[in-house]
Amino acid sequence: MEPVAFLHWLETTPLALTVSQGIFGFSALDMIHIAAITVVFGMIAVVDLRLLGIASKDCAVTDICRQALPWTWVAFGIAVLTGVLMFTGQAVKYYNNYAFRMKLLLLLLAGINMLVFHYITYRGVAKWDRAATPLSARLAGAISLACWIAVVAYGRWTAYYMF
Amino acid sequence: MADLAQWFTGLPFSLAMRRIAWLFPLLQTVHILAIGMMLSSVIMVSLRLWGVSRTQTIAARGHRYLPWIWTSLVVLTVTGVALAVGNPRTLRDPALQVKLWMMVPAIAATLILAVAMRGEALWEKNARARGMAGLAATATLILWLGVTLAGRGRWMANLIG
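Residues numbered from 1 in each chain as written. Chains lettered and ligands numbered in written order. Predicted model: local features only at pLDDT ≥ 70, side-chain atom pairs only at ≥ 80, totals over all residues. Heavy atoms only, no water.

A. Seen up close, the overall build of chain B. A count of helices and strands for chain B gives 8 helices and 0 strands. Along the first, second and third principal axes, the C-alpha set of chain B runs to 55 × 35 × 20 Å. Here chain B holds 161 residues, and the buried ones make up 49% of them. Considering only intrachain contacts with a sequence separation of at least 6, the fraction spanning at least 24 residues in chain B is 79%. Element-wise, carbon and sulfur atoms account for 71% of the exposed surface of chain B, whose accessible area totals about 8300 Å². With 15 positive and 4 negative side-chain charges, chain B shows a spacing of 5 Å between the two charge centroids. (Helix = DSSP H or I, 4+ residues; strand = E, 2+ residues; numbered from the N terminus. Buried < 20%, exposed > 50% of the residue type's maximum accessible area, 1.4 Å probe, protein only. Contact = heavy atoms within 4.5 Å. Areas by Shrake-Rupley, 256 points an atom, 1.4 Å probe, with all protein chains shown as cover. Lys, Arg positive; Asp, Glu negative; His and termini not counted. Charge placed at Lys NZ, Arg CZ, Asp CG, Glu CD.)

Spelled out as C-alpha cells, the structure:
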C-alpha cells in the first residue's frame, strides 16, 4: 500500500475519528503533549549541561543520569502516545507538513546520538564520572541539546503550518 | 482584562507581532523551552527533598537549580507578556486567568522552598521537617505542572460552558 493510501485509511479508523471529530480529543491531547515535551526537554537538558561541563560539575554523571532519565522516559512515552494519537487524526496533512518531517528527522538524529553515547562513550564513564567529561561526551551533549531545541521548535512550527 | 486587551491591541509592538509571522512561534518555542528548564529544575530539587537522591547537600542542590528556576521565570514572564500583547484576545481566555492565579501560589511555594533550603542543619536532623519539605516540593511541582497545563487549557472553557 502507498504511504498516503495507508494514512488515508488510518484517518478513518474509529480511534482517529475520535481525535479529529471529537470536540475535545485533539485539544486535550495537545495540552498533555506539550506538557510532556517540556519535561523531556528539561530533564535531557540537565544531563546535557553536565556532559558539556556547564552545570552540576560537582555531581557524578551517573548520578545525574540515574535521577533524570526515569522522568525523561516516562514523559517521552506520554509525548509519543499523545503525538501518535494526534497524528492519526490528520495523518495525511502531517505527512505533507515540512516542519513535521524535520521534527521526525531530528528525533531520529537525537536517537542515534543517544545510542552512540550509551553504547560507546558511556562505557568508559568510570574514568570521567566525577571529572571533566571527554570530547566525545561533550559532543554528545551538544548534539542532544541542539536536536531537542530543534524538535521543540519544529513541533511548534508544525502546528503553525497546520492551521 | 478587556481594557488591557484593548490597550495591547493598539501598541506598535502588538502590530509588529501580528505582522511578522515567525515572531509568534519563535516566542512560543522560547516559552516552551523555558517551561522545560523550570519544571526540570523543580523536579531535581524535589528528588533531593523527597530523599530519592541524597548525593548532594540540600543547600548545594538549591544552589545548583534555584537560579535556573528564577531565570526561567523571568524568561517566561517576558515571553508570556510579549505573546499576550501580540494576541490580546488571549486575555479574555478564562484558562489564562486560571493560569495567572495559579502562578501566585506556585511562586509562593517556590519562595518557601528557596528560603527553607538554606536552613540545612535543621532539616537533616529533624524527620518531621524533612517530611514537610518533601510535601512542599510535591505541592510546588504540582502547582507548576498545573500552570503549564492551564497555559494550553483554552479548550476547557467550552467544556465548562
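Once you've had a look at it, read on.
B. Region of interest: unusual backbone geometry. Of note in this structure, S56 of chain A is not a glycine but carries a positive phi near 55°. Here S56 of chain A lies in the loop between α3 (25-51) and α4 (61-89).

C. Geometry of the layout of surface pockets. Residue and element names in this part refer to chain A. Taken as a whole, the second largest pocket encloses approximately 560 Å³ of empty space. For the second largest pocket, the lining is made up of 22 residues, of which I44, L69, W73, A110 and M114 are closest to its centre. Of all the secondary-structure elements, those providing two or more residues to the lining of the second largest pocket are α3, α4, α6 (98-119) and α8 (135-162). Considering every element that reaches the lining of the second largest pocket, the biggest residue donor is α6, with 8 residues. Along the lines of polarity and charge, the residues of the lining of the second largest pocket split into 15 nonpolar, 6 polar and 1 charged. (1 Å grid on protein atoms, 1.4 Å probe; cavity = no way out; pocket = protein on both sides within 12 Å on 5 of 7 lines; lining within 4 Å. Points joined across faces, edges and corners; volume = space filled by probe spheres on them. Nonpolar A, V, L, I, M, F, W, Y, C, P; charged D, E, K, R; others polar.)

D. Just the environment of W148 of chain A, in detail. Residues and elements named next belong to chain A. Here W148 lies in helix α8. Taking the C-alpha atoms as reference points, W148 and K103, 45 residues apart in sequence, are found 9.3 Å from one another. If we ignore the near neighbours within four places in the chain, the residues touching W148 are I37, V40, F41, I44, F76, L107 and A110.

E. Up close: the confidence of the model for chain B. Residue and element names in this part refer to chain B. In this model, chain B carries a mean pLDDT of 89, and residues with pLDDT of at least 70 account for 93%. Confidence, expressed as mean pLDDT per element, reaches its minimum in chain B at helix α6 (residues 120-125) with 63 and its maximum at helix α3 (residues 23-50) with 96. Both scores are given for the predicted complex: the pTM is 0.94, the ipTM 0.94. (pLDDT = per-residue confidence, 0-100.)

F. Spatial organisation of the state of the cysteines. Residue and element names in this part refer to chain A. Applying the stated criterion across every chain yields a total of 0 disulfides over all chains. Of all cysteine sulfurs, the one in C59 lies closest to C65, which takes part in no disulfide; the gap is 11 Å. By relative accessible area, which is 7% here, C65 ends up buried. In this structure C147 is a free cysteine whose sulfur lies 17 Å from that of C65, the closest cysteine sulfur available. By relative accessible area, C147 is classed as buried at 5%. (Disulfide = S-S within 2.5 Å.)

G. Broad picture of the pattern of salt bridges. Scanning the model with the defined rule gives 2 salt bridges over all chains in all. Ionic pairing is found between R152 of chain B and D30 of chain A, a salt bridge with its closest N-O pair at 2.8 Å. Of this pair, R152 of chain B sits in the loop between α7 (127-150) and α8 (156-160) while D30 of chain A sits in helix α3, on two different chains. Residue class for D30 of chain A comes out buried when judged on its relative accessible area of 13%. Note that D63 of chain A is salt-bridged to R66 of chain A, the shortest N-O span being 3.0 Å. Here D63 of chain A pairs with R66 of chain A, and both are found in helix α4, just 3 residues apart, close to one helical turn. For D63 of chain A, a relative accessible area of 7% gives the class buried. (Salt bridge = Lys/Arg side-chain N within 4 Å of Asp/Glu carboxyl O.)

H. Representation of the nonpolar core. Counting 62 residues, the largest nonpolar core has F41 and W148 of chain A together with L49 and W144 of chain B as its most contacted members. If we ignore the near neighbours within four places in the chain, the residues touching F41 of chain A are L145, W148, I149 and V152 of chain A together with L33, G36 and M37 of chain B. In this structure, L7, F87, V92 and M162 of chain A belong to the second largest nonpolar core, which totals 12 residues. (Core = buried A, V, L, I, M, F, W, Y, C linked by side-chain atoms within 4.5 Å.)

I. Layout of the side chain of T79 of chain B. All names here are of chain B. The topology assignment puts T79 in helix α4 (residues 58-86). From its side chain, T79 meets the backbone oxygen of L76 in a polar contact 3.3 Å long. With residues near it in sequence (within four places) discarded, T79 still touches L27, V30 and H31. (Polar contact = N/O pair within 3.5 Å; in protein donor to acceptor, adjacent residues only side chain to side chain.)

J. Seen up close, the packing of α4 of chain B against helix α5 (residues 94-116) of chain B. Residues and elements named next belong to chain B. Closest axis-to-axis distance for the α4/α5 pair is 11 Å, and the angle between their directions is 155°. Relative to α5, α4 is oriented roughly antiparallel. Crossing angle aside, the handedness with which α4 passes α5 is left-handed. Residues L66, I69, W70 and L73 of α4 form the contact with α5, whose participating residues are M103, I107, T110, L111 and A114. Tallied by class, residues from the contact of α4 with α5 come to 8 nonpolar, 1 polar and no charged. (Axes fitted to C-alpha atoms, helices over the stretch in contact; angles between N-to-C directions. Parallel < 35°, antiparallel > 145°, perpendicular 65-115°, else oblique. Left-handed = near helix turned anticlockwise from the far one by under 90°.)

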